[in-house]
Each structure stands twice: as C-alpha cells, then as structure tokens.
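What the coordinates show
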2 protein chains.
Amino acid sequence: VSSTAPLDEFGRIARFFAPLAGPGGLGLLDDAAIVDLPPGRLLVVTADAMVEGVHYLPDDPPDTVARKLLRVNLSDLAAMGAVPRHYLMTLALPPRLGEDWLAGFAAGLAADQAEFGIELLGGDSVATSGPAALSVTALGSVAPGAAIRRSGARSGDILLVSGTIGDAALGLRVRRGELSALATADRDFLEGRYRVPVPRLSLGTGLPGLAHAMIDVSDGLVADLGHLCAASGSGAVLDAGAVPLSPASRRALAADPSLLSTILTGGDDYELLFAASPDAVGAIAALARAVGVIVTPVGQFVAGGGVEVRGPDGRHLPLARTGYRHF
Amino acid sequence: VSSTAPLDEFGRIARFFAPLAGPGGLGLLDDAAIVDLPPGRLLVVTADAMVEGVHYLPDDPPDTVARKLLRVNLSDLAAMGAVPRHYLMTLALPPRLGEDWLAGFAAGLAADQAEFGIELLGGDSVATSGPAALSVTALGSVAPGAAIRRSGARSGDILLVSGTIGDAALGLRVRRGELSALATADRDFLEGRYRVPVPRLSLGTGLPGLAHAMIDVSDGLVADLGHLCAASGSGAVLDAGAVPLSPASRRALAADPSLLSTILTGGDDYELLFAASPDAVGAIAALARAVGVIVTPVGQFVAGGGVEVRGPDGRHLPLARTGYRHF
C-alpha cells in the first residue's frame, strides 16, 4: 500500500481523531470511553446534529463546520449553567469529502477543544451516499440543584438576553448572496456570526442562583421565548425596540426596515435568553461585566401564556412567522 | 391546523419520543438532560451511527432498525463489562419517512428500553435530502477498575467467543436474495440475526475479574481478533474448526464450503470475543450457564503479533479478506 492510498476508517481515526482524544477516550482504541466525573457533580448531556445543505453549506470551510457542530452543543450546556468537559461525535460522510476536508475539520475541533477545555471521548465514522450528517453528544456537569431549567420563569421576572440578536439570520442571507448593498466588513461580520456562533459558557456557568429559567436562542428569539413561556406556564412581553443589535445589523435594518422580522424570528444566534427576578439584575450586570458579555433586558414575564411582541411604539407588532421549524 | 396535518419537529418529539424519556430527560423539553450517576461508579459512554442502505436496507421494518441502532451501542458497553442506563439519539431523516415509519421506530425503541432497562435522555431530529443517518450515544457505568479493555490479552490466554459466529453475514446474503437453496426457517433465522443482534449484556457484565481483554465482533471475527491483538501487543491463533456455528449456518456451510470465509470475516455478529487465563475457564463456563449464553474456546493468544487462522486440518487457512472496512 503506497503512502498516498486513501486511509481506511482505522487510518482516518488514527491520523485525524486519536490526537484529539482525552485520557477517558482510551486513544479511541476501545469499544467505549471511561469517564470519572468530578465528585458531587451531576452529569449534563445533550446531542445535536447538523446536515450539509441544511445547517451549513457544502462549500463552508470544514474548520468552521466542525466548530459550529461543537458550539451548538456547548451552547445547550451553557443554557443549563453546565460546565462542558467531553464530547462524542458520529460522522456520516460522502466519499467526496477526502482527507483534506477531514484535516480541516479536525483542525477546527482542535482549536475549539483548546478554547473551551473539552476533549473527544469517541464516536463513529460511516459512509453515506447523501449529504454529510454530523452529530455531537456533549457532556458536562453542574452542582446538584444548580442546573437552570426552562421551566422556572415567574410573572414579574425580567427577560434578558446576551450578546446581539439577528446577526446569524442576516449572515445566512449574506451567505446566500442577499444584502449585497451592505459594506464588505458588515457582510463578513454577519456571515461569521452565522458560521461560528459563540456559546456563552462564561455567562451561563455564572447564572445558577441568579436566573430562574434559561434557553439558548437557536430557533429564533420569539420562538425560543415561546418555549420558555410554555415550559414555565407563563406569558411574556418582548420589547422589540430593546432587542440588542450589532452595528452591522443596525445598518442593515436602517437600509431595509422589513428585516426586523428576520432579526426577531431568525435562528442560529446561540445567545442566552433568561428570566431573573428584578432583584437579581444588578448582580447579573456585574457578572456580565466580569465575563465581558453584553446582557440586555428586553421584556418581562407576565401572567397568562404566549409571547406578545411590542414594537418601538409600544404597540403589538405582527410577525409573519415565529421561528424555524425543522420539518 | 387539521389533526391530520404533518407534525412539526416539536409535535414529533411530543408524540413519539417524549414517552420514551426517563426522569433525567426532563420530558425532552429542556436544552440538556441531567443524570445522577450511581455513587462510586465510572461513566462508560459510546456512540455508533447507522446509514440507510449501508447498515440496514430501506425497506427493513422501522422497529428492527431502531432495535439494531440501540443494540450495536449496547454491545459496545457489554464489551467493556458496563451496565447500560441511558441513551441519546440524533436522527437525520428524509421527508419520505413519515409518521407511520416514526411510530414503528419508536415502538422498537420502547420494546428495547423495556428489555434492557434503559431510558432516552435527549437528542435531535433534523431533515436530510439523502438516506437516513441515525446515531445513538449510549451511557452506562462500571465499578472503578472493572472495565475490560482491549489491551489486556497475554500470551497463553484462551480465546473465547459467545453465541454463534457468521449468522449475520449469511443473513445479509439472505437479505440480498442469495442462499436461496436454504430452507425458509434457516433463511428467516439468519436474516433475523442480521436485523436484530443480541447484545451480550448479561455475559459481559459478569466478566470483570474473569476476562483480561474483550471486544464485540462487529467488523468480523478475524478483524476484531486483530484489533484485540494489536491493542494487547499479542498474537493469536484462531482454530476455524472450533468456531461455533448455528444449525442454519452449518447447513449453509455444508451446501457451500466456500462460505467459511464469509463466516470468519463477515461483520455484525455482536458476539463477545475475549481473552482469559486458562485458570478462569471453569468460572466462565459457570457464568455462561447461569446467564444462558453459549461460550466456546476458539483459540489462544501467543507471543508475537497478528492473527493466524488454522483450518480444521490444523493448517494455515488463507482468507481473501479479513473484515469489513468502512471506507
């Protein structure tokens, strides 16, 4: 076998993935991985999948695909207030994605492992005749009683959100060749926010004891607020004029005010949306400053159910759709 | 919306998957699941994927697809001596697989959850334009120091295998319309072994302290024995005449002796292949009787490296290929 022959599964694992394995991963050479959780902590675990052409585009750089795959899972752990530790990954890959693609993909994993202090435990790599289908299971931990559920919001709580909202939805439009009137720097910023979200781990892991309920914004701000309300048996009023926008989004919105609906209902922001008592807002602001993440009050929880969106004029703002549906 | 409209993702989760969730799964209504591991146990975790048309056939009954997906993962836990507890699942599904298919798939999961005492913790369901790509991450536990690795086989150890070997590879041939001279009952038996393997959990969880090294036979008997040898830095001699065959396989082999190679190198048996000291063979036989699983000595570990297969005449048996490669 010449050294330029394609690697089989074992060769691929040895070259690209074994270097990413932590001690529990046993070099990816065993049937399963073994993890000794920190004593007195609960395991928190989540799994998310991405499909080529649905969650990313076929010509996206493979390192950004890998980072998004990890980060959407890390964002789910952040939304529980959990600290990430490990992940497993299964890849169904079409034959056209060769070793160059895998090398880029593995480099993206390595970069994010270093950034977030996580390690690969194991997984599986199989062939498909269709688009790539990628799956990660992320493992982390919380102290007993500290996990922040979706169900704890109460009438009178303040609704807060991290970062800026709508960048990813606008970035997807840029990626599709729309919003061409925007400056190149703005287009690049928005597209980057779509391609590589930032899981708000430093904020999320500081919120146990301060937030009553939390979710990450993946389906869209209005839809995910609806999930918080449904789980909590509460209603919420969202003040659209208070929703934090990046400078690039503000410029896009100024040029085309109809983009407000995209901003409020588009998905993929991976910001944290949470409920807190008015008494806790000062401590949350201090935490936000300490971790360098903007946190903005955008509404409040009320009795009843469902989400009411109010425009900058204080009146009800009708929206054509409320968020991404996967089917 | 009429009651016959297709369910969206949330409706599908509520109808088909939420009833499968254990307490840690939080009704599949949160961003992640929370698990309190049994005190003093280590977490053991594995992930395997299956692709429609590669690991099962598009017209396989959906309940058998679900059970195979779970069982290939449970088999990995069995091969470590671990007790399964939970799983997460991601499904990339083409739109043609509708609610009837999902209902059958969920029924298969429910049956195996009851059989193996496991619960769903969470996951993700996404759309794909290609064949279905399914992934499970299975979680279990072992006592500290009890996990059985691939790397502990020593020269002089006996090589043992559970159940019968080759049924699944012959069953795949049946599934493809080959082996048509076999009796219907034999064909059905072999095809069933391919479609729904039996993870040897009762045996595997009894082997800590008795087995030095273990693997489950997924790539094929010879290939997986090669993995055991490579991890252990040992060689092995496999006595092909001792390999346990089912009555159906024996009849198939009698009709076509060339099937021996398929039996020895075909994949998907999900039997346990393990190394043990000659001193432990009596205790292993007692365990095998107690759990109702046949265990057969099929060779021994020797100094050096690699696998030598000897035919019934004691001479070296050449094989055209050693096992399934995924790429």
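As a reminder, the structure under discussion sits directly above these lines.
Residues numbered from 1 in each chain as written. Chains lettered and ligands numbered in written order. Predicted model: local features only at pLDDT ≥ 70, side-chain atom pairs only at ≥ 80, totals over all residues. Heavy atoms only, no water.

For the rest of this paragraph, the subject is the relation of the copies chain A and chain B. The two chain copies are connected by a rotation around an axis plus a translation along it. Note on the identical chains: chain A maps onto chain B by a rotation of 180 degrees and an axial translation of 0.0 Å, with an RMSD of 0.0 Å. The symmetry that links the two subunits is that of a two-fold axis. Taking the C-alpha atom as reference, chain A places G130(A) closest to the rotation axis, 2.0 Å from it. Here 100% of the contact residues of chain A are again contact residues in chain B; the copies associate through an equivalent surface. (Least-squares fit on C-alpha atoms with pLDDT ≥ 70 in both. Contact = heavy atoms within 4.5 Å.)

Let us look at the packing of aromatic side chains. Residues and elements named next belong to chain A. Counted under the stated rule, the structure contains two aromatic pairs over all chains. With 5.0 Å between their ring centres and 15 degrees between their planes, W101 and F105 make a pair best called stacked. Of the two residues, W101 and F105 are both situated in helix 3 (residues 99-116); the distance of four residues between them amounts to about one turn of the helix. Exposure remark for W101: the relative accessible area of 11% places this residue in the buried category. The lysine or arginine in question, K68, covers the ring of Y194, its NZ or CZ lying 3.8 Å from the ring centre. (Phe/Tyr/Trp six-rings, centres within 6.5 Å; stacked < 30°, edge-to-face > 60°. Helix = DSSP H or I, 4+ residues; strand = E, 2+ residues; numbered from the N terminus. Buried < 20%, exposed > 50% of the residue type's maximum accessible area, 1.4 Å probe, protein only. Lys NZ or Arg CZ within 6 Å of the ring centre and 35° of its normal.)

What follows deals with the interface of chain A and chain B. Taken together, the contacts link 59 residues of chain A with 59 residues of chain B. One can count four salt bridges joining chain A with chain B. A salt bridge links R149(B) to D30(A); the shortest N-O distance between them is 2.7 Å. Between chain A and chain B we count 17 residue pairs in polar contact (both at pLDDT 80 or more) in total. Taken together, the elements giving at least two residues each to the side of chain A that touches chain B come down to helix 1 (9-17), strand 1 (33-35), strand 2 (42-51), helix 2 (62-78), strand 3 (83-93), strand 4 (119-127), strand 5 (133-142) and strand 7 (213-216) of chain A. (Salt bridge = Lys/Arg side-chain N within 4 Å of Asp/Glu carboxyl O. Polar contact = N/O pair within 3.5 Å; in protein donor to acceptor, adjacent residues only side chain to side chain.)

Our next topic: the side chain of D219(B). Here D219(B) is to be found in the loop between strand 7 (213-216) and helix 7 (221-232). Judged by its relative accessible area of 7%, D219(B) is buried.

Further remarks concern the pattern of salt bridges. Residues and elements named next belong to chain A. What the rule picks out here adds up to 40 salt bridges over all chains. Put simply, K68 and D268 hold a salt bridge, and the shortest N to O gap is 3.6 Å. Taken together, the positions of K68 in helix 2 and D268 in the loop between helix 9 (259-265) and strand 9 (272-276) put the pair 200 residues apart, joining distant regions of the chain. Here the two residues K68 and D268 agree in accessibility, since each one is buried. When salt bridges that share partners are traced, they join D59, D60, R175, E191 and R195 into one network.

Take empty space enclosed by the protein next. On inspection of all chains with the given rule, the structure shows two cavities of 30 Å³ or more. Lining the largest cavity are 13 residues, and of these A133(A), S135(A), T90(B), A133(B) and S135(B) sit closest to its centre. Contributions of two or more residues to the lining of the largest cavity are made by strand 3 and strand 5 of chain A together with strand 3 (83-93) and strand 5 (133-142) of chain B. When grouped by side-chain class, the residues that make up the lining of the largest cavity number nine nonpolar, four polar and no charged. Roughly 40 Å³ of internal volume is contained in the second largest cavity. Elements supplying a minimum of two residues to the lining of the second largest cavity: helix 2 and helix 5 (184-195) of chain A. Element by element, the count of residues in the lining of the second largest cavity is highest for helix 2 of chain A, at three residues. Partitioning the lining of the second largest cavity into residue classes produces four nonpolar, two polar and three charged. (1 Å grid on protein atoms, 1.4 Å probe; cavity = no way out; pocket = protein on both sides within 12 Å on 5 of 7 lines; lining within 4 Å. Points joined across faces, edges and corners; volume = space filled by probe spheres on them. Nonpolar A, V, L, I, M, F, W, Y, C, P; charged D, E, K, R; others polar.)

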